[in-house]
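The residues making up each chain are set out below.
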Amino acid sequence: MRLLHTSDWHLGRSFHRVSLLDAQAAYLDHLVATVREREVDVVLVAGDVYDRAVPPLTAVELFDRALHRLATAGIPTVMISGNHDSARRLGVGAGLFGRAGIHLRTDPEGCATPVVLADDHGDVAFYGLPYLEPALVKDALGASKAGHEAVLTAAMDRVRADLATRPAGTRSVVLAHAFVAGGEPSDSERDITVGGVAAVPAGVFDGVDYAALGHLHGSQRVTERVRYSGSPLAYSFSEADHRKTMWLIDLDAHGNIAAEERVDCPVERPLARLRGRLDILLEDPALDRHEQAWVEATLTDPARPAEPMARLARRFPHTLSLVFDPERPPEDPLASYAQRLKGRDDHQIAEDFVAHVRGGSGPSDLERTVLRGAFDDVRVDETVREVSR
């Protein structure tokens, strides 16, 4: 059975206030063409269909057209909700869509009810695990605690239990939206840390033939059977070096990966991250190849030059981001506050603040627990409020 694994469409997202709608439409055209030309048997969409819980109408229309084209082509599609999606909104009409071959899996309690498709070698069971917000699904799944590993383990225990009841030789595929240890993140994924932990071990998915993951935006293997497709477009300059692709996977009669291919996605405009003094960036002939790219320029001039954006735009008309990082010794008192915070998450910044106001003494273990709980509560509350709008 030939699978096309994709995820993280983020329909409706912009890139530094530049609309990506045309680029997303071109990607979906490419997706449908690939399905037809490569004789794909099933399309897998591993979450973050939209960029936010209440997407703009243009994004909904784009999604609607894509579903109609896949249904018209007669290609089954299995799709789950991600942490950017409103699971309840995305799941509206799931029963009706299923009759057209578009299988939406957005309810955590339905994770052990697979979509079963058949080929010449028998059945393949596709289990959809939507994004599982630990505090919201712990009790429903009977998890031991409100953590990512606990709730995913509880969901996978249900999957394995269902699979054990199916005929011998039934192959299995799981779609999940999660941060799996060993995956390489970028700057454009929303933080899902709970209790100081965001990642789960790949072993959570033991017992299935293929795990089609979403959430991380770089295409990558965590293990041979556990993979991220990555996002089809770049959504931050941290993805400038990504090769944007979809996984084309052939499962043989025994559930082994008989063939694999990374199918490239169309690139509307490449990304470039340039760094150096302004005069050098404006004159270096080696940078000619970036003149039509979307550019993030980091200027290292000791003093801020005059009209830097206007001057950069004359050579690089698609400059979207300008960063100042002056060449100064680390001990320089003018070193930027942003530089001192670089690489620290909200919890670490809060701990640093406690240490600062106490003259060097950081929080106790109990205080760390309170801080972490407060940040978790705020994030969950924001998630609930966004989805309930």
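As recorded by an unreviewed UniProt entry, the protein carries the name Nuclease SbcCD subunit D and is attributed to Streptomyces parvus.

1. Considering helix α8 (residues 308-315)
Listed in full, the buried residues belonging to α8 are Pro 308, Leu 312 and Arg 315. The arc enclosing the buried residues of α8, seen along the axis, measures out at 55 degrees, which places them on a common side. For α8, the elements touching its buried residues are α7 (278-283), β18 (294-299) and β19 (319-324).

2. As for the sheet that holds β19
With parallel pairing, 3 strands are arranged side by side in an open sheet as β17-β18-β19. Edge positions in the sheet fall to β17 (271-276) and β19, since each has one partner strand and no second. On average, adjacent strands in this sheet sit at an angle of 15 degrees to one another, irrespective of strand direction. Inspection of the sheet shows β17 paired to β18 by 6 bridges, in the parallel sense. Bridge pairing links Gly 276 to Leu 299 in β18. Sitting on the sheet, α8 touches β18 and β19, and the angle it makes with β19 is about 135 degrees.

3. A few points about unusual backbone geometry
With a phi close to 55 degrees, Asp 8 is a non-glycine residue in the positive phi region. Counting through the fold element by element, Asp 8 comes out in the loop between β1 (2-6) and β2 (14-15). One non-glycine residue, Arg 17, adopts positive backbone phi at about 70 degrees. Tracing the backbone through its elements, the reader meets Arg 17 in the loop between β2 and β3 (18-19).

4. Notes on the packing of helix α5 (residues 134-141) against helix α6 (residues 148-164)
Relative to each other, α5 and α6 sit at 35 degrees, their axes nearing to 10 Å. Relative to α6, α5 is oriented so that their crossing is left-handed. When α5 is examined against α6, the residues Pro 134, Val 137, Lys 138, Ala 140 and Leu 141 are found in contact with a partner set consisting of His 148, Val 151, Ala 154, Ala 155 and Arg 158. Here the contact of α5 with α6 is built from residues that sort into 7 nonpolar, 1 polar and 2 charged.

5. Some thoughts on α5
Inspection of α5 places Pro 134, Val 137 and Leu 141 among the buried residues, and these make up the whole buried set. For α5, the arc enclosing every buried residue in end-on projection is 85 degrees, short of the 170-degree limit, so these residues lie on one face. For α5, the elements touching its buried residues are α6. Phi turns positive one or two residues past the end of α5, at Gly 142, with a value near 70 degrees.

6. So, the pattern of salt bridges
This model, assessed by the stated rule, comprises 21 salt bridges. Sharing partners across several salt bridges, the network here consists of Arg 221, Glu 224, Arg 227 and Glu 260.

7. Overview of the sheet that holds strand β4 (residues 42-46)
Here 6 strands make up an open sheet; going across it, the order is β6-β5-β4-β1-β15-β16 and the pairing mixed. Sheet topology places β6 (102-105) and β16 (257-264) at the edges, where each strand pairs with a single neighbour. Sheet twist, expressed as the average angle between the axes of neighbouring strands with direction ignored, equals 20 degrees. Two elements, β1 and strand β15 (residues 245-251), share 4 bridges in a ladder whose sense is antiparallel. When the sheet's bridge partners are listed, Arg 2 is paired in β15 with Asp 250.

Analysis parameters
Residues numbered from 1 in each chain as written. Predicted model: local features only at pLDDT ≥ 70, side-chain atom pairs only at ≥ 80, totals over all residues. Heavy atoms only, no water. Buried < 20%, exposed > 50% of the residue type's maximum accessible area, 1.4 Å probe, protein only. Helix = DSSP H or I, 4+ residues; strand = E, 2+ residues; numbered from the N terminus. Arc of directions from axis to C-beta. Contact = heavy atoms within 4.5 Å. Pairing = 2+ DSSP bridges. Axes fitted to C-alpha atoms, helices over the stretch in contact; angles between N-to-C directions. Left-handed = near helix turned anticlockwise from the far one by under 90°. Nonpolar A, V, L, I, M, F, W, Y, C, P; charged D, E, K, R; others polar. Salt bridge = Lys/Arg side-chain N within 4 Å of Asp/Glu carboxyl O.

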